[in-house]
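The primary structure of each chain is shown beneath.
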Amino acid sequence: MANEAENLTGAEIVVRCLEEEGVEYLFGYPGGSVLHIYDALFTRDHVNKIQHILVRHEQAATHAADGYARATGKPGVVLVTSGPGATNAVTGIATAYMDSIPMVVLTGQVPTTLIGNDAFQEVDAVGITRPCVKHNFLVNDVKDLATTLKKAFYIATTGRPGPVVVDIPKDVTAHKTTFEYPATTELRSYKPVQNGHPGQIRKAADLILSAKRPMIYTGGGVVLGDGSEELIQFTQSLGYPITQTLMGLGAYPATNKQFIGMLGMHGTYEANMAMHECDVLVAIGARFDDRVTGEVDKFCPNAKIIHIDIDPSSISKNVRVDIPIVGNIKNVLQDLVKEVQNNTRTVDEAALSKWWAQIHNWQEKNCLYYDHGSELIKPQAVIETLYELTNGDAFITSDVGQHQMWAAQFYKFDKPRRWINSGGLGTMGFGLPSAIGVQLAYPDRPVFCITGEASIQMCIQELSTCKQYDLPIKLICLNNRYMGMVRQWQEMFYDKRYSHSYMDALPDFVKLADSYGHLGMQITQPNQVENALKEAIALKDRLVFMDFITDPAENVFPMVAAGKGQHEMVLSPLSPQMPVERELA
Amino acid sequence: MRHTISVLLENEAGALSRVAGLFSARGYNIESLTVAPTEDPSLSRMTIVTHGSDNVIEQITKQLNKLVDVVKLLDLTEGAHIERELLLIKVNVNQVAVCDDLKRMTDIFRGRVIDVSDSCYTIELTGTGDKLDAFIKAVNPKLIVETVRSGVSGIARGNRTLRT
Ligand SMILES: Cc1ncc(C[n+]2csc(CCOP(=O)(O)OP(=O)(O)O)c2C)c(N)n1
């Protein structure tokens, strides 16, 4: 019986394909073009293992699926209707694309007979999403539906991952065909590489062992490629210093002494200086983003560069590299560890200890300094306290702004997939919906969303979704009454002309949380921070919205201003170590 | 430098716009782009003529390869290759002297007159872009009614090939 081909509608096929892919959660929002699919979900509800999560805005569906994918490594799956459903999803698709997150987004489309007629709720979803997807499809015939979905999952999850959109016209979901889900798929035009070139790996090992001032710089690719274990082995076998990008945090344990902090625009003094002074740079799963390199002409002026990445187009895009290695991070690192071990050279310990002495010297600047005696709540202190109370073991999602940078600087991530933030697109509104995806994936684990009073208002409607599905997320709102990051730039680069960056007419977040059926807390005094956090953490089965009224004048330091080299950082003006090459008055 | 890149891609709806979109989104320049199905109807072959520094050309080939619809590509400029372009040109011929002149020139350039009306000749000419330019220059500009060029198609010489 099992082999007997079934005659199913397109809508039923969609649901069955998702079941075959082992999809646990489908984040969606119904509408005219996807009603057949919603009907198929309804009638199959008693047997399927897919739980549909009804969000309150399609942007949140994509962010929630994205958060789920980042936390689990499995693809996030989204279902939205045509027209406004599809356009609302675009921000989340672009967010996932910029950070290479595996996602499959099903968009409804008007019937094939109406495509191109400016029909009700018609947009060219394939056209609109083309620049922000790994690939997309329009399914014209129900016979192609199952194979297209198979391809979509395959493309989204292999190679350099990314979002794939499948646009499905309504009539295709009504038509019937025999259902057969292909076990595998092959595309002649798409063959992701696996292993790195052995010759290149050998050359890389030689260069790595010849280094006097080596530096390891890793990014989100290590997290995405599940290469954490291999990275730890590689780094620890050499004893070299390591820095990670905003997207890479957690792949290498932050509490290990070889980790010298995040690099880039708000990276640590020691990490950016070590990048600038190193003679051999090993870049792993990182893409030399402008927020990392600062002015490229001043980037790593003395270094020979090895770059390991799965995407050939990432190599030598922004910065020329000497030894490119294209391949899956995990495989390449395994091979590289072996090459290093079997190499006739060994680490130059004398040079290395001189190098570490120099780095320790830089560390003495205490670049993350902030005023611990303030009468106002310092945002950094909230994160530090949270870190201590959760033993560094929580899932942390973030919105975009100063709070995101403080979270990255002060929460020491020891494991990959714990730090969930929109690094590439920098999407305000990402924090809460992505926390939904994470909390669903790990119902028994603590999930915190660190946000600002501006960002949270961009997807605040999702408090309702959290109520419906009983998600006990803890929101840490660092409320400085400003779009803090914007205010910081205006203070530093626009002569304190605070143009439209003040958050006026804020809601009472405590009452707001209450009206959604959650618990709200407002914390105004530094000495209340710890107890308030303890209290919220103890409320294991409730969402708590914690509104921390923080120092509105606090800025994120160190900072590499636009156009500056990574060694030209500004440190906190309050720091006892100031002034350090302070270029900005 | 000027590069001529041949691309084999899936003959699917949207494949062309992916390539065109890539060039505009990343600010690459396109001098010409031609595309048509190959002898295998599931594949299209495209010839793109572009300009850029070595770094830019390297990125263009990598980004093209990254498109899921692109099966293979070959930078023809890296070896000996042949480029051809088609020109159709319509010329006003209301005087006998002009007619003779034009026929002679067409012969010299190995073109053909393919349509004749009371007032116009339409001439077909293939060759490199330079040759077509030279022909157009040789015709009195006042007499040119309209021109259309196909853009460059290219193929490598000898054993170098682009096939699946
Ligand atoms: C959707 C979107 N719009 C605008 C921006 C530009 N932007 C970056 S940070 C920021 C301010 C964020 O303010 P808030 O959420 O209060 O965080 P804070 O910086 O104060 O911690 C803005 C407007 C953005 N990143 N995303």
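All of these numbers come straight from a predicted model, not from anything done at the bench.

Analysis parameters
- Residues numbered from 1 in each chain as written.
- Chains lettered and ligands numbered in written order.
- Predicted model: local features only at pLDDT ≥ 70, side-chain atom pairs only at ≥ 80, totals over all residues.
- Heavy atoms only, no water.
- Pairing = 2+ DSSP bridges.
- Helix = DSSP H or I, 4+ residues; strand = E, 2+ residues; numbered from the N terminus.
- Axes fitted to C-alpha atoms, helices over the stretch in contact; angles between N-to-C directions.
- Contact = heavy atoms within 4.5 Å.
- pLDDT = per-residue confidence, 0-100.
- Buried area = accessible area lost by both parts, 1.4 Å probe.
- Salt bridge = Lys/Arg side-chain N within 4 Å of Asp/Glu carboxyl O.
- Buried < 20%, exposed > 50% of the residue type's maximum accessible area, 1.4 Å probe, protein only.
- Phe/Tyr/Trp six-rings, centres within 6.5 Å; stacked < 30°, edge-to-face > 60°.
- Lys NZ or Arg CZ within 6 Å of the ring centre and 35° of its normal.
- Near = heavy atom within 4 Å.
- Polar contact = N/O pair within 3.5 Å; in protein donor to acceptor, adjacent residues only side chain to side chain.
- Areas by Shrake-Rupley, 256 points an atom, 1.4 Å probe, with all protein chains shown as cover.

Colleague: Even after reading the chapter, I still don't get the sheet that holds strand E4 (residues 70-75) of chain B, so can you show me in this structure?
Modeller: Sheet strands pair by backbone hydrogen bonding; their relative direction is either parallel or antiparallel. Residue and element names in this part refer to chain B. Pairing in this open sheet of 4 strands is antiparallel, and the strands run E2-E3-E1-E4 from one edge to the other. Each end of this open sheet is capped by a strand with a single partner; those strands are strand E2 (32-37) and E4. On average, adjacent strands in this sheet sit at an angle of 15 degrees to one another, irrespective of strand direction. Pairing between strand E1 (residues 2-10) and E4: 5 bridges, direction antiparallel. Its bridge partner being in E4, Leu8 is matched across the sheet by Lys72.

Colleague: What exactly am I supposed to notice about the side chain of A:Asp551 here?
Modeller: If you trace the backbone, A:Asp551 turns up in the loop between strand E20 (544-549) and strand E21 (559-560). Once residues lying within four places of it in the same chain are set aside, the contact partners of A:Asp551 are A:Leu376, A:Ile377, A:Lys378 and A:Asn480.

Colleague: When you look at the confidence of the model for chain B in this model, what are you seeing that I'm missing?
Modeller: Detailed reading of predicted coordinates is not advised where the pLDDT is low. The predicted model of chain B has a mean per-residue pLDDT of 96, with 100% of residues at 70 or higher. Both scores are given for the predicted complex: the pTM is 0.96, the ipTM 0.94.

Colleague: Which parts of the structure should I look at to understand the interface of chain A and chain B?
Modeller: Contacts between the two partners involve 17 residues from chain A, matched on the other side by 18 residues from chain B. Both faces considered, chain A and chain B share a buried interface measuring about 1500 Å² in area, 43% of it formed by carbon and sulfur atoms. Of all residues in chain A, the largest losses of buried area upon contact with chain B belong to A:Arg130, A:Arg188 and A:Ser189, amounting jointly to 41% of the total for that side. Here chain A is connected to chain B by 4 salt bridges. Here B:Asp40 and A:Arg188 are joined by a salt bridge, their closest N and O atoms 3.9 Å apart.

Colleague: Would you take a moment to explain the pattern of salt bridges for this structure?
Modeller: Two side chains with opposite charge may pair up if their charged atoms get near one another. Residues and elements named next belong to chain A. The full count for this structure, using the stated rule, is 35 salt bridges over all chains. Salt-bridge contacts for Arg202 lead to Glu339; the nearest nitrogen and oxygen are separated by 3.8 Å. Residue Arg202 is found in helix H8 (residues 198-209), and its partner Glu339 is found in helix H13 (residues 329-342); the two are separated by 137 residues along the sequence. Linking Asp393 and Arg445 is a salt bridge whose minimum nitrogen-to-oxygen distance equals 3.6 Å. Residue Asp393 is found in the loop between helix H15 (379-389) and strand E15 (395-398), and its partner Arg445 is found in the loop between helix H17 (431-441) and strand E17 (447-452); the two are separated by 52 residues along the sequence. Exposure remark for Arg445: the relative accessible area of 30% places this residue in the partly exposed category. Residues joined by salt bridges that share partners form a network here, namely Asp393, Lys415, Arg418 and Arg445.

Colleague: Hey, could you run me through the packing of aromatic side chains in this one?
Modeller: Two aromatic rings, taken as a pair, are described by how far apart their centres are and by the angle between their planes. Residues and elements named next belong to chain A. For the structure shown, the criterion picks out 19 aromatic pairs over all chains. On the numbers, 4.7 Å between centres and 20 degrees between planes, the contact of Phe395 with Tyr442 is stacked. A residue pair is termed long-range when its members are at least 10 positions apart, and Phe395 in strand E15 and Tyr442 in the loop between H17 and E17 qualify at 47 residues. Ring plane angle 40 degrees and centroid distance 4.8 Å describe the contact between Tyr411 and Phe413, whose orientation is recorded as tilted. Through a chain of ring-to-ring contacts, the aromatic side chains of Tyr387, Tyr411, Phe413 and Trp419 assemble into a single cluster. Taking the ring centre of Phe395 as reference, the NZ or CZ of Arg418 above it sits at 4.6 Å. If you follow Arg487 out to its NZ or CZ, it ends over the ring of Tyr482, 5.6 Å from the centre.

Colleague: For this particular structure, what's the right way to read the site of the ligand?
Modeller: All names here are of chain A. Within the structure, the ligand sits among 17 residues, and Gln402, His403, Gly426, Ser455 and Gly484 are positioned closest to it. Within the backbone of Gln402, an N or O atom sits 2.8 Å from an oxygen atom of the ligand. In this structure, an oxygen atom belonging to the ligand sits 2.7 Å away from a side-chain N or O atom of Ser455. Starting from 590 Å² of accessible surface for the ligand in isolation, the protein chains cover 77%.

Colleague: Before we go on, may I ask you to explain the sheet that holds strand E14 (residues 323-326) of chain A in this structure?
Modeller: Residues and elements named next belong to chain A. With parallel pairing, the 6 strands of this open sheet are ordered in space as E11-E10-E9-E12-E13-E14. Every other strand in the sheet has two partners, leaving strand E11 (259-262) and E14 as the edge strands with one partner each. Across the sheet, the mean angle separating the axes of adjacent strands is 15 degrees when strand polarity is ignored. Note: strand E9 (residues 214-218) against strand E12 (residues 280-284), 5 bridges, orientation parallel. Its bridge partner being in E12, Thr218 is matched across the sheet by Ile284. Packing against the sheet, H8 makes contact with E12, strand E13 (304-309) and E14, and its axis sits at approximately 135 degrees to E14. Where H13 meets the sheet, its contacts fall on E12, E13 and E14, and the angle it forms with E13 comes to roughly 130 degrees.

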